[in-house]
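The residues making up each chain are set out below.
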Amino acid sequence: MANEMTVVGNLTADPELRYTDKGVAMARFTVASTPRVRDKASNEYRDGEPLFLTCTAWRTLAEHLAESLTKGARVVVVGRLRQSRWEDDKGEKRSMIQLDVDEVGPSLRFATAKVAKLTRSGASTGDGFAPAFDGDDAWASASSERPALASAA
């Protein structure tokens, strides 16, 4: 898979769950990954330059993530890099690299976790992957409330 990467780090805040106007769940969160580097002069390890990566998960993965993980949790995130480009209010070109999440879970290096397998019934609610990117910022128009589903008349 092109541009796939794995990031291990800590959540900088609780994941924020929103819903698109079509009822698709999306969760946005930031992972801070700080490498340990050896200082040759002192022969000791210290924190290196941190990477802060904005991540977006979709559908059931987004809901499970928002229910399961909180600020400070050490996580392992696998996804695909995506670059967004836009112009700000002053007409200056901006860009940002983000990670569209395929998998996420707690790191068990310094913690334990109890997994609760969910049972599925009825139609599938989606595979967790992001919808095709059409250039619009789905996050900006998403709501924190799940839209009411239209009833069949």
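Conventions and cut-offs
Residues numbered from 1 in each chain as written. Predicted model: local features only at pLDDT ≥ 70, side-chain atom pairs only at ≥ 80, totals over all residues. Heavy atoms only, no water. UniProt positions renumbered as here; feature names shortened; annotations may be inferred. Helix = DSSP H or I, 4+ residues; strand = E, 2+ residues; numbered from the N terminus. Buried < 20%, exposed > 50% of the residue type's maximum accessible area, 1.4 Å probe, protein only. Contact = heavy atoms within 4.5 Å. Areas by Shrake-Rupley, 256 points an atom, 1.4 Å probe, with all protein chains shown as cover. Polar contact = N/O pair within 3.5 Å; in protein donor to acceptor, adjacent residues only side chain to side chain. Salt bridge = Lys/Arg side-chain N within 4 Å of Asp/Glu carboxyl O. Core = buried A, V, L, I, M, F, W, Y, C linked by side-chain atoms within 4.5 Å. Pairing = 2+ DSSP bridges.

You'll find the protein entered in an unreviewed UniProt entry as Single-stranded DNA-binding protein, with Dactylosporangium siamense given as the organism. UniProt, in the comment section headed Subunit (unreviewed entry), describes the protein in these words: "Homotetramer."

Take the overall build of the protein next. Helix and strand counts for the protein come out as two helices and eight strands. Along its sequence from the N terminus, the protein presents helices and strands in the succession β-β-β-β-β-β-α-β-β-α. In the protein, which comprises 153 residues, the proportion classed as buried is 29%. Contacts in the protein between residues at least 24 apart in sequence constitute 66% of all its contacts with a sequence separation of at least 6. Accessible surface for the protein amounts to roughly 10900 Å². Of this, 49% is attributable to carbon and sulfur atoms.

This part covers the side chain of Gln98. Within the fold, Gln98 resides in strand β8 (residues 93–106). Engagement of the side chain of Gln98 in a polar contact is seen with the side chain of Ser84, the distance being 3.1 Å. Not counting residues within four places of it along the chain, the set of residues in contact with Gln98 comprises Arg28, Leu53, Thr54, Thr56, Arg80, Leu81, Arg82 and Ser84.

Further remarks concern the pattern of salt bridges. Enumeration over the complete set of coordinates arrives at six salt bridges. With its nearest N and O atoms 3.2 Å apart, the salt bridge here joins Glu16 to Arg18. Here Asp88 makes a salt bridge to Arg94, at a shortest N to O gap of 3.2 Å. The exposure class of Arg94 is partly exposed, given its relative accessible area of 41%. Among the ionic contacts, a cluster of salt bridges with common partners joins Asp88, Glu92 and Arg94.

So, about the environment of Thr20. Of note, Thr20 is situated in the loop between β2 (16–19) and β3 (25–33). According to the relative accessible area criterion, Thr20 is buried, its value standing at 14%. Between the C-alpha atoms of Thr20 and Ser144, which are 124 residues apart in sequence, the distance is 8.8 Å.

A few words on the nonpolar core. Ranked by size, the top nonpolar core spans 19 residues in total, and within it Phe29, Val31, Cys55, Val77, Val101 and Val104 carry the most contacts. Mapped by element, the contributors of at least two residues to this core are β1 (4–11), β3, β6 (51–58), α1 (59–68), β7 (74–87) and β8. For this core, the element with the highest residue contribution is β3, accounting for four residues. In this structure, Cys55 is in contact with Ala27, Arg28, Phe29, Val31, Val77, Leu99 and Val101, ignoring residues within four places of it in sequence.

As defined by bridge partners, β2 adjoins β3 across four bridges and the pair is classed as antiparallel. In the sheet register, Arg18 faces β3, and the bridge partner there is Met26.

Each regular strand carries side chains that alternate between the two faces of the sheet. Pairing between β6 and β8: three bridges, direction parallel. Residue Thr56 lies in a different strand from β8, and its bridge partner there is Asp100. Here β7 folds back onto β8, and the loop between the two strands holds five residues, one of which, Gly91, carries a positive phi near 85°.

Turning our eyes to something else, we now look at the environment of Thr34. Mapping Thr34 onto the fold places it in the loop between β3 and β4 (36–39). The spatial distance from the C-alpha of Thr34 to the C-alpha of Gly9 is 7.0 Å, given a sequence separation of 25 residues. Those residues within four positions of Thr34 in sequence are excluded, and the remaining contacts are Asp47, Gly48 and Pro50.

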